[in-house]
Amino acid sequence: MRTSVGRRGAFAVTAALAAVVAVAGCQDDGGAKKTADSAAPSASKAAPVAVSPADAVTAAYKKLSAYRSAKFRMAMTMPGRAGAATTMKTSGTIGWNPTVMDMTMDATSLGVPGAGTVRARMAGDAMYVDLSAEMKDDPETAKTLGGKRWMKLDLGSGASAAGGAAGGDSALLGSSLQSDQSPAQQFATLLQSPQITRVGAETVDGVRAQHYRGRLTVQQMLASGNAEALTAEQRKQAADSMKKAGITAEDFDVWVGADDFPVRVSVAMDTASGPMKVDEHLSDYRAKAADVQAPPAGQTFTLQDLMKQAQESGATS
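Residues numbered from 1 in each chain as written. Predicted model: local features only at pLDDT ≥ 70, side-chain atom pairs only at ≥ 80, totals over all residues. Heavy atoms only, no water.

J.: Let's hear about the overall build of the protein: which residues, and what values?
T.: When helices and strands are tallied, the protein shows 11 helices and 12 strands. Split by element, the accessible area of the protein, about 14,500 Å² in all, is 51% carbon and sulfur. (Helix = DSSP H or I, 4+ residues; strand = E, 2+ residues; numbered from the N terminus. Areas by Shrake-Rupley, 256 points an atom, 1.4 Å probe, with all protein chains shown as cover.)

J.: How would you summarise helix 8 (residues 183–190) if you had to cite specific residues and measurements?
T.: Of all the eight residues making up helix 8, eight are buried; the element is thus mostly covered by neighbouring parts of the structure. Taken together, the buried positions of helix 8 are Pro-183, Ala-184, Gln-185, Gln-186, Phe-187, Ala-188, Thr-189 and Leu-190. Where helix 8 is buried, its residues meet helix 2 (53–64), strand 8 (207–217), strand 9 (249–257) and strand 10 (262–271). (Buried < 20%, exposed > 50% of the residue type's maximum accessible area, 1.4 Å probe, protein only. Contact = heavy atoms within 4.5 Å.)

J.: Break down the pairing of strand 2 (residues 86–95) for me, with residues and values.
T.: The pairing of strand 1 (residues 69–78) with strand 2 spans 10 bridges and is classified as antiparallel. Following the sheet pairing, Ala-70 is matched in strand 2 by Ile-94. Note that strand 2 and strand 3 (residues 100–106) share seven bridges and pair antiparallel. Along strand 3, the bridge assignment pairs Thr-90 with Met-105. Between strand 2 and strand 3, which pair antiparallel in sequence order, lie four residues; one of them, Asn-97, sits at a positive phi of approximately 55°. (Pairing = 2+ DSSP bridges.)

J.: So what's going on with the sheet that holds strand 12 (residues 300–302)? Residues and values would help.
T.: Reading across the sheet, the 12 strands line up as 7-8-9-10-11-1-2-3-4-5-6-12 and stay open at both edges, with mixed pairing between neighbours. Each end of this open sheet is capped by a strand with a single partner; those strands are strand 7 (197–204) and strand 12. Here the strands of the sheet are splayed against their neighbours by 25° on average, with no regard to which way each runs. As judged from the six bridges shared by strand 3 and strand 4 (residues 117–123), these two strands associate in the antiparallel manner. Across the sheet, Met-101 pairs through a bridge with Met-122, a residue of strand 4. Where helix 8 meets the sheet, its contacts fall on strand 8, strand 9 and strand 10, and the angle it forms with strand 9 comes to roughly 120°. (Axes fitted to C-alpha atoms, helices over the stretch in contact; angles between N-to-C directions.)

Here you go:
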């Protein structure tokens, strides 16, 4: 039997929230300077080796501070049922100062029939999930919702409403977004690691880069400059959320090209449910803010609207 649009809609929000947590968490830099629009890293340059690993990460931080958007491609591996890991792939554009996102998720591997791909945008304090495909499969629901296609989720309160894995990340998500995350601040956080080592030169996406590795405890993450933008209550919520999830530290690997642009960032951590890993590839950095707009208000509805409609349909069937 076909999965209901209500169930698929709830799943789409959970998947989108999980992706936003991963991308935003891996990405405030309110002082971005205006510079000429930049192109992607050059594949012809050799990666620098004369500087120390800490100096290399510092150089990447300084370089990124002048930029406001990039393309990304991400694979997030999460613990699944009965210990089986699942991987969700996401790609699109991320911008910071202000924080925006336009992404497409391949959610088929998460085990929900008919999930397919999910398109989502993040702008302001809301995320919008495109359910046009689901509406085509359920014309009755589409009619009830007035032909609207974008489900709006308030990021300040919607994570817990979505339930599932994403619900437990609501505090982390809110904290990440409120500090206007950027790759520059991610590298500032990495500098809190007491030891960053160089692994060696490698080629990533055609770019010759230096591979660096380090480790951050939860205490080090919350003591970073990135966390200073949060209130004491927000830091406590983040610490409690990570403790509940069984997270004590994260291991990171970064690949930095000769022009100081990071081309890949990988973060791995152990959780109470099993290991989790986020592997992100970055390119096409721009000093110009990403052009991501919220859908027209007349084309949006809420998750509560969708679930209410699904309940009413079930009661009358």
